[in-house]
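In case you want the letters, here they are:
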Amino acid sequence: REKYKWHYFMGSYWDKSVGWSGDSRVLILPSVENDRFGSTNGIAVIDVGTGKMTAFFPVVTGARTARISPDGKLLATVGYDGAVRVFDLAERTTLFRDSVGGPLYAACFSPGGRYLVGGSGMGGRLLLYEITSEGDKIKVSKKGETIPTGDELHEIEFTPDGKQAFANSSGGVALWDATSWTTFKRLPACKGRLSPDGSRVALVLEKAQDKIY
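Attention here is on the structure that accompanies the text. All of these numbers come straight from a predicted model, not from anything done at the bench. (Residues numbered from 1 in each chain as written. Predicted model: local features only at pLDDT ≥ 70, side-chain atom pairs only at ≥ 80, totals over all residues. Heavy atoms only, no water.)

1. As for the environment of Thr50
Its place among the elements puts Thr50 in the loop between strand 4 (40–47) and strand 5 (52–58). When its relative accessible area of 41% is taken as the criterion, Thr50 is described as partly exposed. Residues Thr50 and Arg25, 25 residues apart in the sequence, show an inter-C-alpha distance of 9.7 Å. (Helix = DSSP H or I, 4+ residues; strand = E, 2+ residues; numbered from the N terminus. Buried < 20%, exposed > 50% of the residue type's maximum accessible area, 1.4 Å probe, protein only.)

Listed below in structure tokens is the structure:
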């Protein structure tokens, strides 16, 4: 099996967020150093069955989060250099890059794979991107951004129906209407996770008992 070393950049190794393919056969490791490439920092694509690397995408500055699209065709990363990147996994090419300034901590594809969102550490806004196909070509377009929340955004998730988005942030749990992106609410002083069916949020409160809503 190949060996990987976590890359330390602007924070500890534990703040990196790995991604899985929908069938759990592929694992994406952000901000690793690969000796084959002279310790180039980047994203490693791992075959879970064999434990071997099948692809490597160099990224100059450390990537914080990596996600695979629901159809397994795209890899999206965000990182400390303030860039959103989308790669074609099969062709091993860069399809899209957007530099927004300031660190980015989180990214997530919508359940159908039509949208990609990135979470900002500068003002706590969500960056919105649409993914479409034109013949055999995949196109990624920036659609805009949400109003600032004022908090760093981490661990973004969509509900299974794609109608709501959910993020842990430095100020608590953030919730959006993912159809219009104009409705936002915050549950302060807590962290949370969605249930698999998206109907409930389990909250861990800072100074109270755990609750489920």
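2. Things to note about the environment of Ala167
Turning to its location among the elements, Ala167 is positioned in strand 15 (residues 164–169). Ala167 sits in the buried class, given a relative accessible area of 0%. Separated by 60 residues in sequence, Ala167 and Ala107 place their C-alpha atoms 10.0 Å apart.

3. Regarding the sheet that holds strand 17 (residues 184–188)
By definition, the strands of a sheet pair up through backbone hydrogen bonds, in either a parallel or an antiparallel sense. One open sheet accounts for four strands, arranged 14-15-16-17; its pairing is antiparallel. At either margin of the open sheet sits one strand with a lone partner, and together these are strand 14 (153–158) and strand 17. In this sheet, neighbouring strand axes are inclined to one another by 20 degrees on average, regardless of whether the strands run parallel or antiparallel. The pairing of strand 15 with strand 16 (residues 172–177) spans six bridges and is antiparallel. Looking at the pairing, Ala167 lines up with Ala174 of strand 16. (Pairing = 2+ DSSP bridges. Axes fitted to C-alpha atoms, helices over the stretch in contact; angles between N-to-C directions.)

4. Some details on unusual backbone geometry
Although it is not a glycine, Glu155 sits at a positive phi angle of roughly 50 degrees. With respect to the helices and strands, Glu155 occurs in strand 14. Phi at Trp181 takes a positive value of approximately 60 degrees, unusual for a residue other than glycine.

5. Focus: the side chain of Asp98
Counting through the fold element by element, Asp98 comes out in strand 9 (residues 93–99). Accessibility expressed as a relative area gives 14% for Asp98, which makes it buried. Only 2.6 Å separates the side chain of Asp98 from the side chain of Tyr129, close enough to count as a polar contact. In this structure, Asp98 is in contact with Gly82, Ala83, Val84, Tyr129 and Lys142, ignoring residues within four places of it in sequence. (Polar contact = N/O pair within 3.5 Å; in protein donor to acceptor, adjacent residues only side chain to side chain. Contact = heavy atoms within 4.5 Å.)

6. Regarding the packing of aromatic side chains
Per the counting criterion, the structure on display carries five aromatic pairs. Both rings, one in Tyr80 and one in Tyr105, keep their centres 6.4 Å apart while their planes meet at 70 degrees; by these two values the pair is edge-to-face. Of this pair, Tyr80 sits in the loop between strand 7 (74–79) and strand 8 (83–88) while Tyr105 sits in strand 10 (residues 104–109), placing them 25 residues apart in sequence. In this structure, Tyr80 and Tyr105 share a single accessibility class: buried. Ring geometry for Trp176 and Phe184: centres 5.2 Å apart, planes at 45 degrees, overall tilted. (Phe/Tyr/Trp six-rings, centres within 6.5 Å; stacked < 30°, edge-to-face > 60°.)

7. Brief notes about the pattern of salt bridges
For the structure shown, the criterion picks out eight salt bridges. Taking the shortest distance from any N to any O, the salt bridge between Arg186 and Asp151 comes out at 2.9 Å. Taken as a pair, Arg186 in strand 17 and Asp151 in the loop between strand 13 (137–145) and strand 14 lie far apart in primary sequence, 35 residues in all. Close ionic contact of Glu157 with Arg193 constitutes a salt bridge, the shortest N to O distance being 3.3 Å. Linking Glu157 in strand 14 with Arg193 in strand 18 (residues 190–194), this pair joins segments that are 36 residues apart in sequence. Here the salt bridges share partners, and the residues they tie into one network are Arg114, Glu130 and Lys143. (Salt bridge = Lys/Arg side-chain N within 4 Å of Asp/Glu carboxyl O.)

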